[in-house]
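The lines below spell out each chain.
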Amino acid sequence: MGNRLTQIATRTGDAGTTGLGDNTRVSKNSLRVHAMGEVDELNSHIGVLLCEDMAPDVRTLLVEIQHQLFNLGGELSIPGFELLKPEAVLALDDGLATYNEQLPRLQEFILPAGTRAAAQAHVCRTVARRAERAVVALGNEEALKETPRQYLNRLSDLMFVLARVLNRINGGDDVYWKSERMAQQDPQP
């Protein structure tokens, strides 16, 4: 594997096509390539998030997620292949349960804001949703396993929860939306 990437600028994509892992060539605008790109972007945003201060257990979870996203990208690059296992979805479920139980119940919508780490986690959440939509679009046209779609769905939920966790570092809190409806129900004196 280490010797596979010996030449980065191959010029084979100059005509608007790219090679998949099974050596077929497809348009760079294909649904498969869009899905691969969204997953790659998500992985890159998680890399940016990992530049922030966070608890070691959160860092370990995010690094594992990066590896699983690389598996997902590999699976998308080879039609019919499976690299992302259902156990990866279960690991996200475990993370959701663990971190969500530490948080107070939400009383109102929150803004994608707060600390820089929390805001970046929200960016990861939104990119995960976009990647999920791209995988769903691909799955509507070609046969795909369920695990990639489930993984991205669960990951976006986990990134929301982790944003809340990251906002609580050093006693911070969520940034709540100032709802007009809620303001009318509970006017301040």
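Refer to the structure printed above.
Residues numbered from 1 in each chain as written. Predicted model: local features only at pLDDT ≥ 70, side-chain atom pairs only at ≥ 80, totals over all residues. Heavy atoms only, no water.

Participant: How would you sum up the overall build of the chain? Please name residues and give values.
Facilitator: Helix and strand content of the chain: six helices and two strands. Starting at the N terminus, the α and β elements of the chain follow one another as β-β-α-α-α-α-α-α. Within the span of the chain, comprising 189 residues, buried residues form 35% of the whole. Sequence-distant contacts in the chain: of pairs separated by 6 or more residues, those separated by 24 or more amount to 71%. For the chain, the exposed surface amounts to about 11300 Å²; the carbon and sulfur share of it is 53%. (Helix = DSSP H or I, 4+ residues; strand = E, 2+ residues; numbered from the N terminus. Buried < 20%, exposed > 50% of the residue type's maximum accessible area, 1.4 Å probe, protein only. Contact = heavy atoms within 4.5 Å. Areas by Shrake-Rupley, 256 points an atom, 1.4 Å probe, with all protein chains shown as cover.)

Participant: Which residues make up the packing of helix α4 (residues 116-141) against helix α5 (residues 147-167), and what values go with them?
Facilitator: Where α4 meets α5, the axes come as close as 8 Å, and the angle between the chain directions of the two elements is 170°. Here α4 lies roughly antiparallel to α5, going by the angle between them. Residues Ala117, Ala118, Ala121, His122, Cys124, Arg125, Ala128, Arg129, Ala131, Glu132, Val135 and Val136 of α4 form the contact with α5, whose participating residues are Pro148, Arg149, Leu152, Asn153, Ser156, Asp157, Met159, Phe160, Ala163, Leu166 and Asn167. Partitioning the contact of α4 with α5 into residue classes produces 14 nonpolar, four polar and five charged. (Axes fitted to C-alpha atoms, helices over the stretch in contact; angles between N-to-C directions. Parallel < 35°, antiparallel > 145°, perpendicular 65-115°, else oblique. Nonpolar A, V, L, I, M, F, W, Y, C, P; charged D, E, K, R; others polar.)

Participant: Quick one: what's the story with a nonpolar patch on the surface, residue by residue and with numbers?
Facilitator: On the surface, Phe109, Leu111 and Trp177 cluster together into a nonpolar patch covering about 330 Å² of accessible area. Following the sequence through the fold, Phe109 ends up in the loop between α3 (86-100) and α4. (Patch = residues over 30% accessible without salt bridge, like charges linked within 9 Å, V, L, I, M, F, W, Y side chains within 5 Å. Salt bridge = Lys/Arg side-chain N within 4 Å of Asp/Glu carboxyl O.)

Participant: Which residues make up the packing of helix α2 (residues 56-77) against α3, and what are the values?
Facilitator: Between α2 and α3, the least distance of the axes is 11 Å, while the angle of their chain directions is 155°. The angle between α2 and α3 falls in the class roughly antiparallel. Remark: the crossing between α2 and α3 carries left-handed chirality. Across the interface between the two elements, Asp57, Val58, Leu61, Ile65 and Gln68 from α2 touch Ala88, Leu92 and Tyr99 from α3. Looking at the contact of α2 with α3, its residues break down into six nonpolar, one polar and one charged. (Left-handed = near helix turned anticlockwise from the far one by under 90°.)

Participant: Give me the lowdown on the environment of Leu61, citing residues and values where you can.
Facilitator: Tracing the backbone through its elements, the reader meets Leu61 in helix α2. For the pair Leu61 and Leu92, spaced 31 residues apart in sequence, the C-alpha separation works out to 8.9 Å. Setting aside residues no more than four positions away along its own chain, Leu61 makes contact with Tyr99, Leu158 and Leu162.

Participant: Before we move on, can you summarise the nonpolar core with the specific residues and values?
Facilitator: Side chains of nonpolar character tend, in soluble globular proteins, to be buried together. The biggest cluster of nonpolar side chains holds 41 residues, and the ones touching the most others in it are Leu42, Leu49, Leu62, Ile65, Leu69 and Tyr151. Secondary-structure elements contributing two or more residues to this core are α1 (31-49), α2, α3, α4 and α5. Contact partners of Leu62, with chain neighbours within four places excluded, come to Ile46, Leu49, Leu50, Met54, Met159 and Leu162. (Core = buried A, V, L, I, M, F, W, Y, C linked by side-chain atoms within 4.5 Å.)

Participant: Which residues make up the side chain of Thr147, and what values go with them?
Facilitator: Assignment of secondary structure puts Thr147 in helix α5. Look past the residues within four positions of Thr147 in its chain and what remains in contact with it is Leu84, Lys85, Pro86 and Val89.

Participant: I'd like to hear about the environment of His122, residue by residue, with values.
Facilitator: Here His122 shows up in helix α4. Each C-alpha atom, one on His122 and one on Ser156, is 8.7 Å from the other, the two residues being 34 residues apart in sequence. Discounting chain neighbours no more than four positions away, the residues touching His122 are Ile110, Leu111, Pro112, Ala113, Phe160 and Ala163.

Participant: Give a detailed account of α2, specifying residues and quantitative values.
Facilitator: Between its first and last C-alpha, α2 extends 32 Å over 22 residues, near the 32 Å set by a 1.5 Å rise per residue. For α2, every residue scored as buried is listed here: Val58, Leu61, Leu62, Ile65, Gln68, Leu69, Leu72, Gly73, Gly74, Glu75, Leu76 and Ser77. (Expected span 1.5 Å × (residues − 1).)

Participant: Describe the environment of Leu155, with residues and values.
Facilitator: With respect to the helices, strands and loops of the structure, Leu155 is situated in helix α5. As a C-alpha pair, Leu155 and Val89 span 66 residues in sequence and 8.4 Å in three-dimensional space. Look past the residues within four positions of Leu155 in its chain and what remains in contact with it is Leu42, Ile65, Leu69 and Leu92.

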